[in-house]
Each structure stands twice: as C-alpha cells, then as structure tokens.
Amino acid sequence: MFAPLPAQVESNNQLAFVASIKPNNGDPGQYLTTPGRVIARNVTARFLVAVAYGLQPFQISGGPGWVDSDRFDVEARLEDAKTNSGQEGLMMKALLANRFKLVLHKDAGESSVYALVVGGNGLKIKASADQTPGTGMSPLGTMRIGATGLVGTGVPLGLLASLLGTRLGQTVVDRTNVAGRYDIDLRWTPDTAMVPSASAEPGEALPPPDTSGPSIFTAIQEQLRLKLQPTRGASGFLVIDQMEKPTAN
C-alpha cells in the first residue's frame, strides 16, 4: 500500500478557495494562471494532474480511461490571493484531491532519461532583461513550442528541459547548474519518431521548417550550446491509484 504524496496531505490544510468544474467537448484548449487564479478550458484530467505537480502528461501513468477522453473547464480562485500568493499549485492539488478524489504515488523505479547539460564551449543563450524569479505556478515569461521550434522569453533552463521532454516524449532533467532566465529561439526539423504534442501556449503557429535543417539534438548543440545526454535516472513519473469524475457546478 503506497502512502499518499505529501501534497495530498497538505490539501487538507485550511487553504480557502472557490472552484467551478464543467464538462467541455468543443472549445479550444487553454491554460492560464494569474496570481491567485487558475483558468483551464477543454483540458483532460491527466493534463490537470500534470500541471498541478509540475510534470508533463506523459509522466502521469495509470488512471481510468476517462482521464484522457473527457475534457473539463476549470476555474479556481484563492479567496485571499494577496496572503496566499504563490499557492496556486497547492490550490490545484487540493482541488484534485477534493473534487476528483485523486490518490497517487511516486514511481520509485529508474528509466532512460535525457540530461540537459552545458556544452564544451559554454552557453550561447541571451540572458533576459527581466531576471525576477517566479514563485509557485506564477508565469515565467512567455513560451511557444511546436513541432518545429521553441521560442521563449524569460525562460529558466529547468522549464526548457521540461518542454523539450514534451517533444521527445521522455523525461529531460536539468543538469546545467545554470540559474537565471533566458530568451530562447530554437529551430529544428522534426523527426518522425518524435512524439507530437499540442502547443504549450496559444498563439500564432511557428514558421514551417527547412527540410534540410538540423535534428532537435543537433539544433540544441549548435544554436544553444547545450547537449542532451542519454542517461539513467528516476523516472519522475506519478501513478494514479484512484480518480473519480467530479460533479459539475
């Protein structure tokens, strides 16, 4: 029997918030966080679990079939956003525990992962003008990722690693040991073996690729002077043990 994750225990604390959950099967998908508030449109339950725990959907395993097929609109707001600023992530964990009856555990096993490391000639990335650190689920700059490229402003390298994982369908861990936020413009030619995923942010589509362009691995080395090294490490996966459809309100 697996013990619940610490965040599930914390969800019983007196963090006051109000929330609305409704089914949705038509509107475009969207996810937005602002201080004290989270708005999601037409998203799956697996996606909600992933963003609440700072992971990608492929890192959440298990659960009933509807966690990928049914879609929801969710709005949640902290009643005291000023006092509880930065607690949006805890609010979403509490919402999932209370309304979806979510119970999960960490996968203790190892798997094949990629380590994002600095190349031999040092970084080739422009530091952002704004270096203000983010807290909790507060937005960090802007980011668009598509099948052919990734463009962002004010991006920590830990977030870059996570987003690269969405393109590769495999966990990418940040081992650069580099702090700060960066402006990134990365372009590559898609590999047919890469796992497709939706754009991380709504907006205009990225330009079509040059079919003679580099692979994502080569582009990272040439354009950013970073490197993806295959290695073994903790999978980072969470496993859903229990989840129930919420009552709409």
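Reading the values: rules and limits
- Residues numbered from 1 in each chain as written.
- Predicted model: local features only at pLDDT ≥ 70, side-chain atom pairs only at ≥ 80, totals over all residues.
- Heavy atoms only, no water.
- Helix = DSSP H or I, 4+ residues; strand = E, 2+ residues; numbered from the N terminus.
- Polar contact = N/O pair within 3.5 Å; in protein donor to acceptor, adjacent residues only side chain to side chain.
- Pairing = 2+ DSSP bridges.
- Axes fitted to C-alpha atoms, helices over the stretch in contact; angles between N-to-C directions.
- Contact = heavy atoms within 4.5 Å.

Q: Any chance you could explain the side chain of R181 here in plain terms?
A: Looking at the secondary structure, you find R181 in strand β12 (residues 181–187). Polar side-chain contacts of R181 include one of 3.0 Å to the backbone oxygen of G154.

Q: Would you mind showing me how to read the sheet that holds strand β14 (residues 238–242) here?
A: With mixed pairing, the 3 strands of this open sheet are ordered in space as β4-β14-β6. Edge positions in the sheet fall to β4 (60–62) and β6 (103–106), since each of these pairs with one other strand and no more. Going from strand to strand, the sheet's axes swing by 35 degrees on average, the running direction of each strand aside. Judged from the 4 bridges that link them, β6 and β14 form a sheet pairing that is antiparallel. In the strand pairing of β14, V103 is matched with Q242. On the sheet, helix α2 (residues 45–52) packs against β4, β6 and β14 and is oriented at approximately 135 degrees with respect to β4.

Q: Looking at this model, I keep getting lost on the sheet that holds strand β11 (residues 172–174). Mind explaining?
A: Working definition: the strands of a sheet are paired by backbone hydrogen bonds and lie parallel or antiparallel to each other. On the basis of which strands lie adjacent, the open sheet formed by 3 strands has the order β11-β7-β13 and mixed pairing. Edge strands, defined here as strands with exactly one partner in the open sheet, are β11 and β13 (226–234). Taken over all neighbouring pairs, the strand axes of this sheet differ in orientation by 35 degrees on average, direction set aside. With 3 bridges joining them, strand β7 (residues 110–118) and β11 adopt parallel strand pairing. Its bridge partner lying in β11, Y114 is registered against V172. The strands touched by helix α5 (residues 157–168) are β7, β11 and β13; relative to β11, the strand with the most contacts, the crossing angle is about 170 degrees.

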